[in-house]
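So you can see what is in the structure, the chains are spelled out below.
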Amino acid sequence: MKYTLSVLVENQPGVLSKVSGLFARRGFNIDSLAVGVTENAAISRMTIVVNGDEYIVEQVEKQLNKVIPVIKVKVLQPGAFISGELALIKVSCSPKQRVEIVNIADLMNARIVDVTPTSLTLQSADTAERTATLIDLLHPYGIKEICRTGTIALEKGADPTRKN
Amino acid sequence: MISGAEIMVKCLEKEGVSVTFGYPGAAICPFYDYLYRSEIRHVLVRSEQNAAHAASGYARSACKPGVCIATSGPGATNLITGIATAYMDSIPMVAITGQVNSELLGRDVFQEADITGACEPFTKHSYLVKDPAELPRVFKEAFHIASTGRPGPVLIDVPMDVQQAKIPKFTYPEKAEIVGYKPRTEGHVMQIKKALKAIEEAHRPILCCGGGVVLANARDEMVEFARNSGIPVCATMMGIGVIPMDSPYYLGMIGMHGRTGANRAMQQADLVILCGARVGDRAVSAPQQIAEKAKVIHIDVDPAEIGKNMAVDIPIVGDVKLVLQKLAAQVKNSVPQEWLDQVFGFKKTYPVRGEAREDFVEPRVFIRDLSSMMEEDAILVADVGQNQIWCARNFNVKEGRFLTSGGLGTMGYSIPAAMGAKIAKPHRQVVAVCGDGSFQMSMCELGTICQHEVPVKIIVMENGRLGMVREVQDRIYEGRHMATILDGDPDFVALARAYGIRSALAKSNEEAKKLAAEMLECDGPYILVCSVDPETPTI
């Protein structure tokens, strides 16, 4: 099962390596990891998607809490958070196929961000599931390259992860 | 104006550091130049690994962080085994390393090593300092992190230019403010209530103490809890000494090399109270089997240890000392006599082993003899291998301490750790016990012992074998003794004399006892070599 963790860390050099090293060392499987600064420039948020069971996710949470620059770890409850990721997909496309692919893009709320005589590049900002569907739909045309940011997530509701 | 190097020394002074263990090199020279002008004592070891071990022995005896110092590159990498040893046993330590100039970082210059990167898995936290103005905060945090919560080693890597750079003035922070580090000390009241109820309802309770009890300095609370509750106590190797071995509540050490009686008691219990014990594989080989039969209460300051190796019913996160105080004050003695008869019966069923010999020194008997001859508050440092188990099973810790590398199992630990312990507690007897294998891993420290006049006593169990591995080869590899025969041992007595250290060879238990008395009486260091039958088993 996949678990999504929201981790607030001090925005300082070496934190990412401390966190990723911990995952490697303890044999935890990361599905995706995305980092960026928060509303407070001194704090970054890591969204980590972990593959495992309840025991693993509890261990991940506890071990992350031991990393000194980690401020807060929250395992997001299914249904109680919104998530999404950005994907850039470069797909083979002859001029004849262009309309078909533009239709798929429309259906899936993706934007065409680059066009050449032999390719199209789509940009999608959506959930991991819908991104997977988009990739499946584009597959028959020949996908040249994909770049994904990994999932980012926030809890639903008015409260922030860390109350001051 | 004040330089980074001077700030580093001032920080150590502010932290009350009086002794450091280290080995200089070019990249740490600016710091050493200020250490020269300080009252802080510096002990020059003969290899950096031993600086870390000595700091570990010092920390465990002085109950405050030990400090070790090395230069960049090989100096720093040599520290790693010592840092990892301290990490596995949760020993408070601050390691300071020099680093190449910060503008050269990452260019693979002479004696450059990414030591904060290399030590990542073995440190509680680490710093690579890029600005001298950060040094006071970093040092304050480092000592705070090393010594609070679950203790551990912290590394501070300081590039040479940061040591040389000057800032207008030095102010040391009053306290460390780390937003993501707030170790919990008080156990939760509800959890303590639940634990008391479980104790009341239990028919076959047992208390299992680990190194956490020693680290929390909770010996008295432990003994009081055992007395008030009447619950029999066993210990892991790291927990040896939490309760006197001849105490009426004590069952002995558990684990692979532990007492059969203590292990059987653990297996038959219906309530296991883990206290500062992380349920390592050598202590409890099948934790799930125990957890299936028994209710488990786990008291630990590190929440990540709870549920890691054994399923737990009642977790109590907090300082073992504070939690035990609360438990001891409220607990009632409700242990059925039947259970006590059963577990203390085990103690008689499985007596201690070994008989005195005239052709060799029987090590198990000798350790018991030594134990009875040593002072109440003596410190015994056991190395790793057969000697460790002989000591763990046969040495009776009364008011003193039993130090060993329990987690990492680092050979060569005993001599440098004993040096550190002796420097921390100069008025106590400190004896290191090692094998001829482990002795040769750190015998270079005899030079340190002489130069700094550290009167540690060293016992070398000489059997010409890497005994424990050889035993494994006998048991599992049909007696093919590959690389476990130590031919080429020097004459250890002559070696000691070359250093000007008193030494003697014992060939029987009677002789060993006599020489041990001489060893304990003499003022300076002493090396007692015991000729041990290679066939002597570990247990």
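Not measured: the values here are computed from a predicted model.

Digging into the interface of chain A and chain B
Inference 1: Each side of the interface is counted separately: chain A has 13 residues, and chain B has 12 residues.
Inference 2: Breaking the side of chain A that touches chain B down by element, the ones donating at least two residues are α1 (15-25), α2 (54-66) and β4 (70-76) of chain A.
Inference 3: Examining the composition of the side of chain A that touches chain B, we find that 5 residues originate from one element, α2(A), more than from any other.
Inference 4: Split into classes, the residues belonging to the side of chain A that touches chain B amount to 4 nonpolar, 3 polar and 6 charged.

Some points on helix α11 (residues 260-268) of chain B
Inference 1: Listed in full, the buried residues belonging to α11(B) are B:G261, B:A262, B:N263, B:A265 and B:M266.
Inference 2: Considering only its buried residues, α11(B) is in contact with β9 (205-209), β10 (233-235), β11 (250-253), β12 (271-275), α12 (287-293) and α14 (337-349) of chain B.

Side note on helix α8 (residues 189-201) of chain B
Residues and elements named next belong to chain B.
Inference 1: Between its terminal C-alpha atoms α8 stretches 19 Å, which fits the 18 Å expected from 13 residues at 1.5 Å a residue.
Inference 2: When α8 is considered as a whole, its buried residues turn out to be I192, A195 and I199. All buried residues of α8 project into a common sector of 60 degrees when viewed along the axis, lining one side. More than 90 degrees from the buried face of α8, the exposed residues found are M190, K197 and E201.
Inference 3: At its buried positions, α8 is contacted by β9, α10 (219-229), β12, β13 (295-300), β14 (314-317) and α13 (320-330).

Some thoughts on the pairing of strand β5 (residues 81-92) of chain A
Residues and elements named next belong to chain A.
Inference 1: Sheet topology places β5 next to strand β9 (residues 152-155); 4 bridges connect them, and they run antiparallel. Residue pairing in the sheet places S83 in a bridge with A153 of β9.
Inference 2: Here β5 runs beside strand β7 (residues 119-126); their pairing, made up of 8 bridges, is antiparallel. Directly across from A87, in β7, lies its bridge partner S124.
Inference 3: Across 5 bridges, β5 lies against strand β8 (residues 143-148) in antiparallel orientation. By the bridge assignment, L88 is partnered in β8 with C147.

Description of the pairing of strand β16 (residues 401-404) of chain B
Residue and element names in this part refer to chain B.
Inference 1: Here β16 shows a buried face lined by R401 and L403 and a second buried face lined by F402 and T404.
Inference 2: Where strand β15 (residues 379-382) lies against β16, 4 bridges are found, and the strand directions are parallel. Of the residues in β16, the one forming a bridge with I379 is R401.
Inference 3: Regarding topology, helix α16 (residues 386-394) serves as the crossover connection from β15 to the parallel β16, and that connection is right-handed.

Calculation criteria
Residues numbered from 1 in each chain as written. Chains lettered and ligands numbered in written order. Predicted model: local features only at pLDDT ≥ 70, side-chain atom pairs only at ≥ 80, totals over all residues. Contact = placed C-beta atoms within 7 Å. Helix = DSSP H or I, 4+ residues; strand = E, 2+ residues; numbered from the N terminus. Nonpolar A, V, L, I, M, F, W, Y, C, P; charged D, E, K, R; others polar. Buried ≥ 20, exposed ≤ 12 C-beta atoms within 10 Å, placed from the backbone. Expected span 1.5 Å × (residues − 1). Arc of directions from axis to C-beta. Pairing = 2+ DSSP bridges. Right-handed = clockwise from strand over helix to strand, strands pointing away.

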